[in-house]
Amino acid sequence: MDRPPDGAVPTAWPAGADGGPPAGPEAAGETEFRLLGPVELHDGATGAGIVPPGSKQRALLSALVLHADRLLSADRLTEELWGDHPPTNAGNALQAHVARLRRLLPEPGGSADGHEWISTLPTGYLLSLGPATTDVQRFHRLSDRGRAAVSADPRHAVRLLRHALSLWRGPALQDSRYGPICAGEADRLEEHRLAALEALYEASLRCGRHGQITGELEKLTVDHPLRERFYDLLMVAMYRGGRQAEALGVYERARRRLVDALGIEPGPALRARMEAILHHAPDLSAPAPQLPRGEPSTLTEALELGGEIARLQWRIDELNRSQEDLVRRYDTMVARLPQSPPRHVTP
C-alpha cells in the first residue's frame, strides 16, 4: 500500500530543520569540538575534521572538553582512562597521552602547533576553549530556546528544536564512554535529547501537524518502550487523525510493556489521556490553522497546506481502495453460497 507524504522521514537522529537551519560553525569559520556522536574537532581554519586516533585519546579529549576552562585532576583523568587497573607508571602514561593530544590539536590562530589548548597545572590539566565552541553548547542553547517557545510560538519552536536535534550524529560520546566522566555525561545528554524530542512533537501537535509526526512517534515508542510521554503524544496524534481505536490500542501496548518490564501501571497523565480519548474530550481537537496576522501566507505555510491536502487525498484513496476490496470479498462470498432450490407453488 502506498505511504502518505508524511514530511520528514523518521530516523533515530532527526536531521534538518523546518525552513532551513541557521548557519553553523562551518559557515562562520569557527573551530568546534563535537561530542554529539563520534568525538572529533572541526578545524575552522582549514575545514578539516580531526579525530584522535585511539580510544584513550578520544576519552581524554572528551573529558577535557566536558570540563573546559576548569582544572581536571590527574587522578580523575587516570580513572577515566584506565578505571581500576591503571598502569604502574600512570602519571607518565597520562602525560604522554596529553602530549600526543597537544600535537594533534591545531593552534587557535591556525598554525600547526597547538600547545595553547591544554595547560599543565600542579595537580592536573586544563583545556581552554578560547574562541572555539562545542556542539553540546549549541544544542543546549537551541533546545532551551525551542522549549521556551512551545506555547507562545510553536512554529518557531519546531524550527529551533529540529535544528538542535540535527546536531546529533549518533549517541553522545559514541566512542569515548569508558570512564565515569564521559559515561555520566552521555546519559545526561541523552536525557536532554529525549526531552527535546518530546518538546518538538508537542510543538508539532500545537501546529496541527499530527499527520506528519505519527510515524516518527511510533518509532520512538519502539525505541524507548518505557517512556510514557511518547505514547501520550502518539495517542493524541492518532486521535486527531481519526484513529481513535488505534490510539486506545497504543495505551494498551504501553500498559503491557510497563507491567511486564517494571511491574507498574501507566502513570496518571497517560491514564487521563486514555479517558479523554474514550470520551472525546473537546481539548483533544486539533488547533485551527493560523496564518500570521496582517501578513500573506509564506511559502512554507503554503507547502504545509499542500502537504495536508495530499495526506487527506491519500486517506480518501485508501478508504476507496478498502471499500472496493470489501465489495469484492462480499461478492465472492455471496457467489460461493449454496443456491436454494426453486420453490414449487401449488396452483
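This one's a predicted model, so the numbers in the text were calculated from it and none came from an experiment.

Draft legend 1. Seen up close, unusual backbone geometry. Look at Asp69: it is not a glycine, yet its phi comes out positive at around 65°. Within the element layout of this structure, Asp69 appears in the loop between helix H2 (55-66) and strand S4 (72-73). Looking at Asp69, the relative accessible area reads 46%, which means it is partly exposed. Phi at His280 is positive, roughly 50°, even though this residue is not glycine. Summarising the element assignment, His280 is placed in the loop between helix H11 (268-278) and helix H12 (299-336). Residue His280 is classed as partly exposed on the basis of its relative accessible area, which comes to 45%.

Draft legend 2. The sheet that holds strand S3 (residues 49-50), seen in detail. Taken in spatial order, the 4 strands line up as S3-S2-S1-S7 in an open sheet, and their pairing is mixed. Looking at the sheet topology across the chains shown, the edges are occupied by S3 and strand S7 (133-134). The pairing of strand S1 (residues 32-34) with S7 spans 2 bridges and is parallel. Bridge pairing links Phe33 to Thr134 in S7.

Draft legend 3. Looking closely at the nonpolar core. Judged by nonpolar contacts, the single largest core of 79 residues is most densely connected at Phe33, Leu64, Ile118 and Leu217. Broken down by element, the residue count for this core peaks at 12 residues, all from helix H7 (residues 180-206).

Draft legend 4. Inspection of the packing of aromatic side chains at higher detail. Counted by the stated rule, this structure contains 2 aromatic pairs. Pairing Phe33 with Trp117 gives two aromatic rings, centres 5.3 Å apart and planes at 90°, and the pair type is edge-to-face. Pair noted here: Phe33 is in strand S1 and Trp117 is in the loop between helix H4 (90-104) and strand S5 (118-121), with a separation of 84 residues, a long-range link. Side by side, Phe33 and Trp117 carry an identical accessibility label, which is buried. Between the aromatic rings of Phe139 and Trp168, the centroid separation amounts to 5.6 Å while the plane-to-plane angle is 80°, which identifies the pairing as edge-to-face. Here Phe139 is found in helix H5 (residues 135-148), whereas its partner Trp168 is found in the loop between helix H6 (154-166) and H7, with 29 residues between them in sequence. Classification of Phe139 by relative accessible area gives buried; the value is 0%. For Trp168, a relative accessible area of 3% puts it in the buried group. Across from the ring centre of Trp168, 5.7 Å away, lies the NZ or CZ of Arg193, which sits over that ring.

About the thresholds
- Residues numbered from 1 in each chain as written.
- Predicted model: local features only at pLDDT ≥ 70, side-chain atom pairs only at ≥ 80, totals over all residues.
- Heavy atoms only, no water.
- Helix = DSSP H or I, 4+ residues; strand = E, 2+ residues; numbered from the N terminus.
- Buried < 20%, exposed > 50% of the residue type's maximum accessible area, 1.4 Å probe, protein only.
- Pairing = 2+ DSSP bridges.
- Core = buried A, V, L, I, M, F, W, Y, C linked by side-chain atoms within 4.5 Å.
- Phe/Tyr/Trp six-rings, centres within 6.5 Å; stacked < 30°, edge-to-face > 60°.
- Lys NZ or Arg CZ within 6 Å of the ring centre and 35° of its normal.

These figures capture arrangement, not role.
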